[in-house]
Amino acid sequence: MRRRELLAAAAALIAGRPAAAAEPPAVKVFKDPSCGCCDGWIGHMRQAGFRVDVTTGDLYAAKARLGVPEDLASCHTATVGRYVVEGHVPADAVRRLLAERPAATGVAVPGMPAGSPGMEGGRHEEYEVVLFGPGTRATFGRYREGRPA
C-alpha cells in the first residue's frame with residue numbers, strides 16, 4: 001500500500017468511515033485481435049472485478065517470453081501480479097492464486113475446454129487448472145462451468 005493510501009485509510013477509520021476498496025487486480029491480456037472466445041474470457045474477468053488491459057500482436061513471442069510450456073498453451077495469455085495466466089482460467093482460480101501466492105510461474109487451462117469461461121454454450125466438460133513452474137506441475141483445481149467441480 002502506498003503511503004498516501006495508508007494515510008487516507010487511517011483518516012477514514014478515525015472519522016468512522018470505511019476505507020475505500022482496494023484497486024482491483026490488473027490483468028494484462030495478450031491475444032489475437034479476431035479471437036471471440038478470448039473476448040468472452042476478458043468479459044468474465046471484468047465481471048469478476050478485475051481491471052483488464054488487452055494487447056494484440058505476436059502472441060507466441062509473449063508465451064515464450066513468459067515461460068508458457070507448449071503443451072499448456074491456449075488461445076490467450078495474461079499476466080496478473082507476478083503470475084502468468086494461460087487460457088480459460090476461471091476468475092476464482094486467479095483470486096486463489098493471488099491469495100495463496102505459491103512459488104510458481106502461473107496457472108493454465110490447456111486447450112479450450114467446453115464450458116470454461118469464454119467457451120460457454122453447448123456441453124460442459126470438467127477441466128483442470130494446472131499450476132506450473134520450472135520443472136514442476138500440479139493440479140491447482142478441477143472446474144466445470146467456471147466453478148469448482
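Preceding this section is the structure that the text describes.
Everything numeric here is computed off the predicted structure, so don't read it as measured data. (Residues numbered from 1 in each chain as written. Predicted model: local features only at pLDDT ≥ 70, side-chain atom pairs only at ≥ 80, totals over all residues. Heavy atoms only, no water.)

Colleague: Quick one: what's the story with the pairing of strand E1 (residues 26-31), residue by residue and with numbers?
Modeller: As judged from the six bridges shared by E1 and strand E2 (residues 51-56), these two strands associate in the parallel manner. Bridge pairing links valine 29 to valine 54 in E2. Alignment of E1 against strand E3 (residues 76-80), held across five bridges, turns out to be antiparallel. Bridge pairing in E3 links lysine 31 to histidine 76. (Pairing = 2+ DSSP bridges. Helix = DSSP H or I, 4+ residues; strand = E, 2+ residues; numbered from the N terminus.)

Colleague: Any chance you could break down helix H3 (residues 59-66) for me, citing the residues and the numbers?
Modeller: Along H3, the positions that sit buried rather than exposed are Leu59, Ala62, Lys63 and Leu66. For H3, the buried positions fall inside an angular range of 100° around the axis, keeping them on one side. The outward face of H3, more than 90 degrees from its buried face, is lined by the exposed residues Tyr60, Ala64 and Arg65. On the buried face of H3, the contacting elements are E1, E3 and strand E4 (83-87). Between the side-chain oxygen of the N-cap and the backbone nitrogen of tyrosine 60 there are 3.3 Å, and the N-cap of H3 in question is aspartate 58. Looking at the residues trailing H3, positive phi occurs at glycine 67, about 85°. (Buried < 20%, exposed > 50% of the residue type's maximum accessible area, 1.4 Å probe, protein only. Arc of directions from axis to C-beta. Contact = heavy atoms within 4.5 Å. Polar contact = N/O pair within 3.5 Å; in protein donor to acceptor, adjacent residues only side chain to side chain.)

Colleague: Tell me about the pairing of strand E7 (residues 136-144), and please be specific about residues and values.
Modeller: In the sheet, strand E6 (residues 127-133) pairs with E7 via seven bridges, with the strands oriented antiparallel. Note on E7: the bridge partner recorded for tyrosine 127 is tyrosine 143. Here E6 hands over to E7 after two residues, with glycine 135 in that stretch at a positive phi of 70°. The pairing of E7 with strand E8 (residues 147-148) spans two bridges and is antiparallel. Counted as the bridge partner of tyrosine 143 is proline 148 from E8. Linking two consecutive strands that pair antiparallel, namely E7 and E8, is a turn of two residues; a positive phi of about 55° is found at glutamate 145 within it.

Colleague: Tell me about the environment of serine 34, and please be specific about residues and values.
Modeller: Position of serine 34 relative to the elements: it lies in the loop between E1 and helix H2 (36-47). Along the sequence, serine 34 and threonine 56 sit 22 residues apart, while their C-alpha atoms lie 9.4 Å from each other. Of the polar contacts made by the side chain of serine 34, one reaches the side chain of aspartate 32; its length is 2.6 Å.

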